[in-house]
Amino acid sequence: MSVDKATVKRVAHLARIAVTEEDAERMTGELNAILGFVEQLNEVDVSGVEPMTSVTPMAMRKREDIVTDGNKAADIVANAPATDENFFLVPKVVE
Amino acid sequence: MSDLTKLTISEAREKLRSKDISSVELTDAYLGAIDAANQTFNAYVAVTHDKARDMAKASDYKLANGEGGALEGIPLGIKDLFGTEGVHTQACSHVLDGFKPRYESTVTANLWADGAVMLGKLNMDEFAMGSSNETSYYGAVVNPWRAGGSNRQLVPGGSSGGSAAAVSSWLCAGATATDTGGSIRQPAAFTGTVGIKPTYGRVSRWGVVAFASSLDQAGPITRDVRDAAIMLKSMASVDPKDTTSVDLPVPDYEAAIGRPIKGMKVGIPKEYRVDGMPEEIEVLWQKGIAWLKDAGAEIVDISLPHTKYALPAYYIVAPAEASSNLARYDGVRYGLRVPGKDITDMYEQTRAAGFGREVKRRIMIGTYVLSAGYYDAYYLQAQKVRTLIKKDFEDVFAAGVDVILTPATPSAAFGIADQDMASDPVKMYLNDIFTVTVNMAGLPGIAVPAGLDAHGLPLGLQLIGRPFDEETLFQTAHVIEQAAGRFEPEKWW
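The present account deals with the structure reproduced in this document.

What counts and what doesn't
Residues numbered from 1 in each chain as written. Chains lettered and ligands numbered in written order. Predicted model: local features only at pLDDT ≥ 70, side-chain atom pairs only at ≥ 80, totals over all residues. Heavy atoms only, no water. Axes fitted to C-alpha atoms, helices over the stretch in contact; angles between N-to-C directions. Helix = DSSP H or I, 4+ residues; strand = E, 2+ residues; numbered from the N terminus. Parallel < 35°, antiparallel > 145°, perpendicular 65-115°, else oblique. Contact = heavy atoms within 4.5 Å. Nonpolar A, V, L, I, M, F, W, Y, C, P; charged D, E, K, R; others polar. Pairing = 2+ DSSP bridges. Buried area = accessible area lost by both parts, 1.4 Å probe. Salt bridge = Lys/Arg side-chain N within 4 Å of Asp/Glu carboxyl O. Core = buried A, V, L, I, M, F, W, Y, C linked by side-chain atoms within 4.5 Å. Buried < 20%, exposed > 50% of the residue type's maximum accessible area, 1.4 Å probe, protein only. Phe/Tyr/Trp six-rings, centres within 6.5 Å; stacked < 30°, edge-to-face > 60°. Lys NZ or Arg CZ within 6 Å of the ring centre and 35° of its normal.

### Observations concerning the packing of helix 7 (residues 225-235) of chain B against helix 16 (residues 470-484) of chain B
All names here are of chain B.
Link 1 in the chain: It is the contact of helix 7 with helix 16, at a shortest axis distance of 9 Å, that shows an interaxial angle of 160°. It follows from the interaxial angle that helix 7 and helix 16 lie roughly antiparallel. Only E470, F474, A477, H478 and E481 of helix 16 make contact with helix 7, whose side of the interface consists of V225, A228, A229 and L232.
Link 2 in the chain: For the contact of helix 7 with helix 16, the per-class residue count stands at six nonpolar, one polar and two charged.

In structure tokens form, the structure reads like this:
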């Protein structure tokens, strides 16, 4: 399988990365090189093989359903580029 | 007393406990070395002078009272991937500009609890994506090793290139590092240092910036095997905050050093003899085999038939997980924001400006292989192949093999801005050909220096162990270290 420039632009939008025509051109070549490299996986017979979900045979540990954290809104927004009274500020979403 | 920086962790520990030296002296020696040489190597992206001195003073107080933890007063460098409270933590990315966490990663918290002193944050490939430390927003790191008779700057490997360069150029006593496909072991091999990637689940990932969560694991880079054992003991823990942390007690790894390996079964996988591998790597491998045989180990030929599929499967699984993990960098919650005409444009402009080329490439691959219609063909296929890779190892261990010996890398360190590597991303990815299988199977692996190539550059061997059997790795790596000796760069800076 290989990708064309239109697909690269669509994927870039899905990934929320702005690309120029020039970027898309270059990325098309790079992505096709990588996709060509991983193509060899198709020669492996995987019939009856379960996909791996965890390298260690363990049930995911769950914590008790109790409140262990909270009341630190100021810490959570401390690194945000724009805030107002412990809220994140973003460009207008709803008209 | 510039010689203080040449002490190993175990040597410094003795001198601190016997009060031959103080932690303040030792820490000042390192800070002086960093101030003098960091411009040359670019190993540190942030140096925490005041914090280091405060921590050293506190350690000296404890040591004076005969108290203190396993690493009391030992100055360490911390890879920029570990969250350190109030201190630069950016995974060496532009997108995390100015980020100073309000929390401390479990690994670093464990180290400070054991008395270690923080010297600063170490350079790395952006989000740990790279094998040469050239994808860092802060620029390339220079390897303290140079080929004989040459001034050409070489890479220290990656992604933990700052960690490896700082340890080998005596800018810290030891360093934390992380390994998703070889990022501890490959730079260790390129710099003549020791690096261990523990079993998945041994070291908490909590507070470490995530790259590929099913593969990421932290470990130390140090000057010798004993130091790696000492540091891993402090880094490892059972952590309720990481749901993949495994509930097993942390053994005293140092106690494994010096145990005889007589009768141990060492597997030599034929699939690691790859096309185009330089003759000197093969020679080094044979030397390693001979050393272990001389020490009484039984050498057995083994087969790991799916080895060649580990790297292509990795380049589906790791980017897929990365594309998901890196979705959080949106210009809203932390770091960089580039304004746009609406919120979507703001996201797209922020991520376009904030991520470097390699990171974008991997997010794109990940997004593509997870997108509608391609999931089964790529991601599911890769995860099935991963099951087979793990089964290869399980079969070999079930047949009685205790440890597997392989080369650590297919070559010695290459030049900064190497044209071959820069023009073909797949060529750069091949650096991890011997290390990536270990991450795919979640096993522990250690790189130990074993010799020099024809140009006088260090080469390493890798040992792969059973899950949670890091002790056998330390035990066996120490035998190699005893036979090979230790390797230090000639000081030209």
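Still more ground to cover, so stick around.
### Re the sheet that holds strand 8 (residues 298-302) of chain B
Residue and element names in this part refer to chain B.
Link 1 in the chain: Strand order in this open sheet of eleven strands is 1-3-2-4-6-5-10-11-9-7-8, and the pairing throughout is mixed. Each edge of the sheet is formed by a strand with only one pairing partner; in this case those strands are strand 1 (44-47) and strand 8. Each strand of the sheet is rotated relative to its neighbour by a mean of 30°, with strand direction disregarded.
Link 2 in the chain: Where strand 5 (residues 194-197) meets strand 10 (residues 445-452), three bridges bridge the pair, whose relative direction is antiparallel. Paired with K197 across the strands is G445, a residue of strand 10.

### Points about the interface of chain A and chain B
Link 1 in the chain: Every contact between the two is made by 48 residues of chain A and, on the other side, 64 residues of chain B.
Link 2 in the chain: Of the roughly 5,200 Å² buried where chain A meets chain B, counting both sides, 70% is carbon and sulfur surface.
Link 3 in the chain: Run the count over chain A and chain B and you get three salt bridges.
Link 4 in the chain: Across the pair A:D75 and B:R102 runs a salt bridge, and its minimum N-O distance is 2.8 Å.
Link 5 in the chain: Elements with a minimum of two residues in the side of chain A that touches chain B: helix 1 (5-14) and helix 2 (21-38) of chain A.
Link 6 in the chain: Broken down by element, the residue count for the side of chain A that touches chain B peaks at nine residues, all from helix 2 of chain A.

### Observations regarding the nonpolar core
If you look at soluble globular proteins, the nonpolar side chains tend to sit buried side by side.
Link 1 in the chain: Core analysis: the biggest nonpolar cluster contains 177 residues, and B:F127, B:F393, B:L405 and B:F474 have the highest contact counts within it.
Link 2 in the chain: Setting aside residues up to four positions removed in sequence, B:F474 forms contacts with B:I196, B:V225, B:A228, B:A229, B:L232, B:Y253, B:I257 and B:I446.

### Quick look at the packing of aromatic side chains
Residue and element names in this part refer to chain B.
Link 1 in the chain: For the structure shown, the criterion picks out 21 aromatic pairs over all chains.
Link 2 in the chain: Ring centres of Y374 and Y378 lie 6.4 Å apart, and the angle between their planes is 40°; on these two criteria the pair is classed as tilted.
Link 3 in the chain: Judged by its relative accessible area of 23%, Y374 is partly exposed.
Link 4 in the chain: Looking at Y378, the relative accessible area reads 4%, which means it is buried.
Link 5 in the chain: Seen from the ring of W492, R146 lies directly overhead, with NZ or CZ sitting 3.9 Å from the centre.

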